[in-house]
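What the coordinates show
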Amino acid sequence: MERFRVTDEDGGVRIDKYLTSVCEGLSRSYLQKLLKSGQVLVGGQGVKASYAVQEGDLIELEVPEAVEPEILAEPMDLDVLYEDEDIILINKPKGMVVHPAAGHYTHTLVNGLLDHCRGQLSGINGVMRPGIVHRIDMDTTGVIIACKNDLAHSCLAEQLKEHSITRRYQAIVHGVVKEDEGTVDAPIGRHPVERKKMSINYNNGREAVTHYKVLRRFRQYTHVECRLETGRTHQIRVHMASIHHPLLGDAVYGPARCPIPGLQGQTLHAGVLGIRHPRTGAYMEFTAPLPDYFAKLLRTLPE
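As named in an unreviewed UniProt entry, the protein chain is Pseudouridine synthase, taken from [Clostridium] asparagiforme DSM 15981. In UniProt, the protein chain has this text filed under Function (unreviewed entry): "Responsible for synthesis of pseudouridine from uracil." Recorded under Sequence similarities (unreviewed entry), the UniProt text for the protein chain is reproduced unchanged: "Belongs to the pseudouridine synthase RluA family."

So this is what it looks like as structure tokens:
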């Protein structure tokens, strides 16, 4: 139970707004749910979110303990590119979420891996992300690796940290890229206003480097290959948008209205992943073919 005494300077403020300012890490919408369920009391009585706090009010807040949902194994027809006792590589389809999170507790890659690997997945990232050492966005297709034990996970995590993993993506971007190749070297961090987005952030961002080269130019678009040195959230999407070539279909960092009817999300494919095997140390490279929708776009976009 947390208790707060309202001071003179906060008098007259809505209680949901007041609690947001004094409760670090709790969103206003979540606090409104607690108010509605009677877990916030003022002078021992429940109040609505619109209640204006008064100087001297004693507010009692009961925050229930977070309970992690049970993540269940689900039979899935996974496209396995390679598998051994330590690692498994999957060609992830468009629309599949990698690991469970709010709103996505079933039908994720982790649910499928739990069934396929019979629970034999590394536990370093906790019960919500067993085996997951890196991720790709829901609408990004292509190669993703999972680890079956903690030894493999630690080794792959170290390779990610030292930027020694090979990661090459293919993308279709808006506009005609003039230079044949280039590099975007700009730190990426949380967007200062839109918290669900990432952005170029020189004050609080982390180092991010993307190399790109043109594969084919169309009348209004360009087919490019992007090679990652680092692996920040939405890195290719943010970097290409920052040079005025957002990914086709990316409604978050590009045009809100997609010019291609029926296209779901960004045209981004993790085509190549190269690693040192965690047990043998041998370099191994894995390739996922372009998905049908991507190949069709390349055949039909006007040049």
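1. Re the packing of aromatic side chains
Here the structure, examined in full by the defined rule, presents 2 aromatic pairs. When the ring of Y82 is compared with that of F286, the centres are 5.2 Å apart and the planes differ by 40°; the resulting orientation is tilted. One end of the pair, Y82, is in strand β5 (residues 80-83); the other, F286, is in strand β15 (residues 283-287), with 204 residues separating them in the sequence.

2. Points about the sheet that holds strand β2 (residues 40-42)
Spatial ordering of the open sheet is given by β1-β4-β2-β3, a layout of 4 strands whose pairing is antiparallel. What marks the edges here is a single partner per strand, and that holds for β1 (2-5) and β3 (45-46). As defined by bridge partners, β2 adjoins β3 across 2 bridges and the pair is classed as antiparallel. Residue pairing for β3: V42 is matched across the bridge by Q45. Across the sheet, helix α1 (residues 15-22) lies against β1, β2 and β4 (58-61), angled at about 110° from β1, the strand it touches most.

3. Section: the domain arrangement of the protein chain
For the protein chain, the domain assignment lists domain 1 (2-61), domain 2 (68-162) and domain 3 (163-302). For domain 2 and domain 3, the distance between their C-alpha centres works out to 21 Å. Every contact between the two is made by 27 residues of domain 2 and, on the other side, 27 residues of domain 3. Between domain 2 and domain 3, a total of about 2400 Å² is buried, with carbon and sulfur atoms accounting for 56% of that surface. When the buried area of domain 2 at its contact with domain 3 is split by residue, K94, V143 and Q159 rank highest and sum to 23% of it. Ionic pairing is found between E162 and R276, a salt bridge with its closest N-O pair at 3.3 Å. Our count for the domain 2 to domain 3 interface comes out at 19 residue pairs in polar contact (both at pLDDT 80 or more). Taken together, the elements giving at least two residues each to the side of domain 2 that touches domain 3 come down to β5, β6 (87-92), β7 (141-147) and α4 (150-161). The biggest single contributor to the side of domain 2 that touches domain 3 is α4, with 6 residues. In the side of domain 2 that touches domain 3, the residues fall into 11 nonpolar, 8 polar and 8 charged.

4. Remarks on unusual backbone geometry
We note that H163 has phi near 60°; this positive angle belongs to a residue other than glycine. For H163, the position within the fold is in the loop between α4 and β8 (166-174). Positive phi is not limited to glycine here, since H234 has a value of about 60°. For H234, the location among the structural elements is in the loop between β13 (221-228) and α5 (235-242).

Scoring rules and cut-offs
Residues numbered from 1 in each chain as written. Predicted model: local features only at pLDDT ≥ 70, side-chain atom pairs only at ≥ 80, totals over all residues. Heavy atoms only, no water. UniProt positions renumbered as here; feature names shortened; annotations may be inferred. Phe/Tyr/Trp six-rings, centres within 6.5 Å; stacked < 30°, edge-to-face > 60°. Helix = DSSP H or I, 4+ residues; strand = E, 2+ residues; numbered from the N terminus. Pairing = 2+ DSSP bridges. Contact = heavy atoms within 4.5 Å. Axes fitted to C-alpha atoms, helices over the stretch in contact; angles between N-to-C directions. Domains from an automatic or database assignment. Buried area = accessible area lost by both parts, 1.4 Å probe. Salt bridge = Lys/Arg side-chain N within 4 Å of Asp/Glu carboxyl O. Polar contact = N/O pair within 3.5 Å; in protein donor to acceptor, adjacent residues only side chain to side chain. Nonpolar A, V, L, I, M, F, W, Y, C, P; charged D, E, K, R; others polar.

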